[in-house]
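# Examination of the molecular architecture
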Amino acid sequence: MKRFRRHGQESQRDRLKQELFAFNKTVEHGFPHQPSALGYSPSLKLLAIGTRSGAIKLYGSPGVEFMGLHDENAAVTQVHFMEYIFLHMWTLRGHNGLSELLEIGRFTLTGPPGVTRVTAVLAHSSGELLLLGTEGGHVFVVEVPGFRELEERNISLDQVSKHVEALQENPVDPDQVIIGYGRGLMVIWDLEKKLQLESVCWTEDGKYILSSHSDGSYCRWMVGGQDMNEEEKSDIPYGHFPCKAISKIVQLPTEEGPPFLLFSGGMPRASYGDRHCITVIHGKTHVALDFTSRIIDFFVIRDGPQRDPSALVVLVEEELVVIDLQTEGWPIIQTPYLVPLHSSAITCSHHVSTIPLKLWERILAAGKHQNPWPITGGQNLAPDPPQRDLLLTGHEDGTVRFWDASGVCLYPMYKLSTAGVFHTDADPNDNMNQGTEGEWPPFRKVGCFDPYSDDPRLGIQKIHLCKYSGYLTVAGTAGQILMLELNDEAAEQTVEAKVVDLLQGQEGFRWKGHTQLDIQEDPVMFPAGFQPFAVVQCQPPAVVTALTLHSEWKLIAFGTSHGFGLYDYQQKNSVLIKCTLNPSDQLAMEGPLSRVKSIKKSLRQSFRRIRRSRVSLRKQHVNTATKLQEANARLEAELAEMELAPVQRKIEARSSDDSFTGLVRTLYFADTFLSDSSHNTPSLWAGTNGGCVFAYMLRLPSVEHRADEPVTAQLSKEIQLMHRAPVVGIVVLDGHGAPLPEPLEVAHDLARAPDMQGSHHLLVVSEEQFKVFTLPKVSAKMKLKLTAVDGSRVRRVGMAWFGSSRTEDYGESGLLVLTNQGDVHVVSLPHVKMQVQYPCIRREDVSGIASCVFTKHGQGFYLISPSEFERFSLSTRCVVEPRCLVEAPLHSGCSNQHQSQPDGASSTHRYINLEVSLFSSCWCLLNTKVCCRAI
């Protein structure tokens with residue numbers, strides 16, 4: 001008999017869903033993927049970055065961020081700011097007291113691509129004209145307010161160089177001739193070198209022009225009246241051998257002392273042709289800043305029109321580097337945003353909500369102190385975050401990075417390195433950060449992007465932080481599990497190691513993968529911060545696939561493709577070892593690194609030789625980098641295939657002979673009822689890839705005997721799911737149907753004690769369904785099948801609290817679910833009913849799905865590129881997004897001498913509120929199209 005729900009109840013629940021759930025992609029964290037252009041507005045103090053995919057991103061003070069995306073998938077090649085009134089193309093428009101970035105028009109040059117491809121842009125000082133230089137030699141003049149081409153004012157190539165009037169040979173250098181054209185243009189041409197002009201700039205006093213050239217030289221020309229009278233200075237800074245082109249040159253004066261001269265490129269081609277350098281010369285100080293990837297562009301920030309340069313901002317392909325030019329030694333300024341998350345490849349993520357203030361301050365103190373950030377445009381109007389949240393990322397080089405994820409900026413707080421615990425393949429003499437004294441050119445390595453791990457076995461695979469006790473456990477690629485404790489002082493100590501044989505002596509198995517890392521036997525000096533005091537080494541040294549920590553019981557549980565174990569880190573004893581390996585599963589004995597280890601080791605050695613070499617190996621460098629990226633991709637693909645790859649098929653019973661059935665997917669501690677319904681006991685639960693769930697009853701000594709008596713574990717329950725689908729999550733619900741609180745959460749009065757009077761339930765989440773069992777009998781009570789006809793499989797689950805947007809007094813616990821289709825679901829508890837479903841990630845984006853991590857308050861993060869996290873929210877109450885305002889500057893007056901000038905030129909502004917709108921626009925050059933954003 002069918003049962004019908006009353007219409008009133010259904011509509012009431014629908015209204016409640018609207019108050020609880022709403023899907024929004026809110027902000028992108030990290031460094032833009034494939035940047036292609038850089039711009040800066042001195043008046044607005046805003047930074048603009050364009051990308052190859054047509055995105056334009058604006059940044060000001062921390063928290064002031066805007067993003068726009070052009071319809072065409074075309075690279076942004078140039079970005080320019082200029083000022084004018086009533087722009088009608090792209091605009092940052094005020095709405096409800098905030099600024100919004102909107103596209104409202106565009107301008108396209110018409111004609112053959114060779115003629116109309118824009119190669120240079122000048123925003124005229126009048127604020128009314130835009131000059132566009134093209135590949136065909138023409139200059140188009142565009143009226144800005146109307147955004148129309150002024151054909152009568154265009155400058156054609158024929159007008160400039162219609163016919164040659166004179167030819168003269170240089171009496172000193174016969175290779176040079178001067179060519180005079182009828183329109184007044186004069187060209188000095190070198191018959192042998194055939195030099196190309198790379199860039200030009202005016203000095204601020206207007207008396208000189210600096211030009212840089214393709215042979216690594218630059219010239220300073222004196223301007224007298226209307227004519228170029230003489231070449232004042234010509235220099236090849238890094239001659240006498242052939243040098244690479246100087247692609248950009250800038251000279252800026254100082255109030256007292258010599259000017260700053262900055263240029264990119266110019267390195268000796270044979271010895272340092274593979275370096276990416278910007279040279280800074282100020283008086284007797286000469287430094288060649290050596291960057292980690294190709295230079296896109298740079299600019300210099302000055303505090304005022306006549307002030308000394310204060311900071312150098314450099315955009316390279318993989319990071320943004322800011323250098324303090326006012327402090328001795330020109331130190332690096334840590335960026336509060338645009339941080340290269342992929343400085344070493346991200347291998348895992350872990351989010352911790354509501355960090356206690358004391359722990360927060362201790363982590364901040366362990367990190368580096370930051371200099372003031374020089375880009376300060378706009379106002380951040382977002383309210384202060386209601387809580388302190390941490391995002392921890394594990395990396396291939398064995399580091400764990402702590403990020404402030406409370407607000408719009410993903411701010412770097414602290415970096416932990418685990419490499420010091422082990423002997424690795426790294427060369428201790430391979431220090432490439434600083435050039436040797438007296439070296440020429442005077443190199444100084446800058447930037448943190450370094451994707452080439454010296455030993456991929458260091459890679460961090462799992463992280464678990466207890467925010468109440470300050471204990472941290474991390475696990476790696478070679479079966480290593482480190483236990484760390486926060487220490488405010490540096491300390492020298494020996495790390496105790498415990499080897500755990502997960503095969504338990506079974507015969508017939510031979511590990512074919514990578515070897516374990518060798519632990520340092522001598523005492524190691526660890527800096528302030530998280531310091532390791534114990535290491536558990538799994539044998540075989542396979543990738544750790546599951547990890548959990550219970551700091552109240554002083555226990556950690558870990559699992560690999562061979563089994564799982566339980567370790568008492570107070571007594572430093574092994575409590576439990578369970579082998580889950582299927583006798584027929586030989587693939588589990590082949591480590592994912594075994595196929596690529598040899599090539600990666602040889603590549604690491606090759607890169608060391610390249611970095612030390614003074615011989616240009618540009619082609620070999622590119623090919624080797626490509627091979628390493630392919631090797632990393634194969635490694636990621638094998639790991640994804642082992643535990644994460646989306647498989648699209650209907651629900652059907654899986655064979656027990658399938659590969660990796662013994663791989664441990666999830667581990668869970670719970671204080672619940674296992675033996676009978678009247679006595680609760682600590683327990684450990686483990687779920688495997690073959691659909692098996694193990695439950696162990698734990699016996700913990702009393703507090704006074706905890707240091708002397710051992711912890712014991714006894715198998716109590718074993719569940720085999722009918723379809724043998726991989727178990728991806730285990731949760732115990734108390735008598736009220738609420739998830740059990742975290743360890744120490746009740747002791748710190750941050751959660752109510754669980755209900756131990758009513759019946760507890762066990763929720764087992766497999767890839768195919770959600771099933772609820774009663775405890776302690778473990779009998780099935782209810783289940784929810786995930787639609788499998790379209791290939792949906794559960795990939796990620798997480799518990800979250802959803803508060804009502806209408807009232808502070810109401811909220812619900814829910815289960816967050818991500819499928820291999822990229823959809824996110826919310827499932828209600830304890831009745832496991834589907835509440836909402838939203839498309840979130842493209843189903844083809846396997847890496848994005850594998851990288852997703854949920855928060856306790858209904859948000860999530862996933863990688864949209866190797867260097868960027870996309871943040872999203874499923875909660876109506878907990879939404880982190882930019883809320884900012886940009887007020888446009890207004891000139892205090894206009895005269896012939898002080899006309900409105902484009903950003904990039906010197907001008908004096910003041911801010912004032914007017915009823916008329918004065919905007920500053922951001923021009924984006926997209927191949928043959930010019931788009932404009934007004935602010």
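The rules behind each value
- Residues numbered from 1 in each chain as written.
- Predicted model: local features only at pLDDT ≥ 70, side-chain atom pairs only at ≥ 80, totals over all residues.
- Heavy atoms only, no water.
- Helix = DSSP H or I, 4+ residues; strand = E, 2+ residues; numbered from the N terminus.
- Buried < 20%, exposed > 50% of the residue type's maximum accessible area, 1.4 Å probe, protein only.
- Contact = heavy atoms within 4.5 Å.
- Areas by Shrake-Rupley, 256 points an atom, 1.4 Å probe, with all protein chains shown as cover.
- Arc of directions from axis to C-beta.
- Pairing = 2+ DSSP bridges.
- Axes fitted to C-alpha atoms, helices over the stretch in contact; angles between N-to-C directions.

Looking now at the overall build of the protein. Per the secondary structure count, the protein includes 8 helices and 67 strands. For the protein, with 935 residues in total, the buried portion stands at 52%. Partitioning the intrachain contacts of the protein with sequence separation of at least 6 by distance along the chain shows that 60% fall at a separation of at least 24. Total accessible area on the protein stands at roughly 42,800 Å², and carbon and sulfur atoms take up 49% of it.

Right, let's talk about helix H5 (residues 357–366) for a bit. Along an α-helix, residues three or four positions apart point the same way, because every turn accommodates 3.6 residues. Of the positions making up H5, those classed as buried are Leu359, Trp360 and Ile363. Summarising the axial view, the buried residues of H5 lie within an arc of 105 degrees, below the 170-degree limit, and thus occupy one face. When the buried face of H5 is taken as reference, the exposed residues oriented beyond 90 degrees from it are Lys358 and Ala365. Close packing links the buried residues of H5 with strand E31 (390–395), strand E32 (399–404), strand E33 (411–417), strand E38 (480–487) and strand E43 (529–539).

Looking now at the environment of Glu192. Here Glu192 is to be found in the loop between strand E16 (186–190) and strand E17 (197–202). Accessibility expressed as a relative area gives 59% for Glu192, which makes it exposed. C-alpha separation for the pair Glu192 and Asp175, spaced 17 residues apart in sequence, amounts to 6.3 Å.

Spatially, E52-E53-E54-E55 is the arrangement adopted by the 4 strands of the open sheet, whose pairing is antiparallel. Two strands close off the open sheet at either side, each with one partner strand: strand E52 (727–733) and strand E55 (780–785). Neighbour to neighbour, the strand axes of the sheet diverge by 15 degrees on average, direction disregarded. The sheet contact formed by strand E53 (residues 761–766) and strand E54 (residues 769–774) spans 5 bridges and is antiparallel.

A cis amide bond links Gly239 with the next residue in sequence, His240, at an omega value of 20 degrees. Structurally, His240 is set in the loop between strand E20 (227–235) and strand E21 (246–252). The peptide bond linking Leu775 to Pro776 adopts the cis configuration, its omega dihedral lying at 10 degrees. Summarising the element assignment, Pro776 is placed in the loop between E54 and E55. One non-glycine residue, Val832, lies in the positive phi region at around 40 degrees. Along the chain, the position of Val832 falls in the loop between strand E58 (823–828) and strand E59 (834–839).

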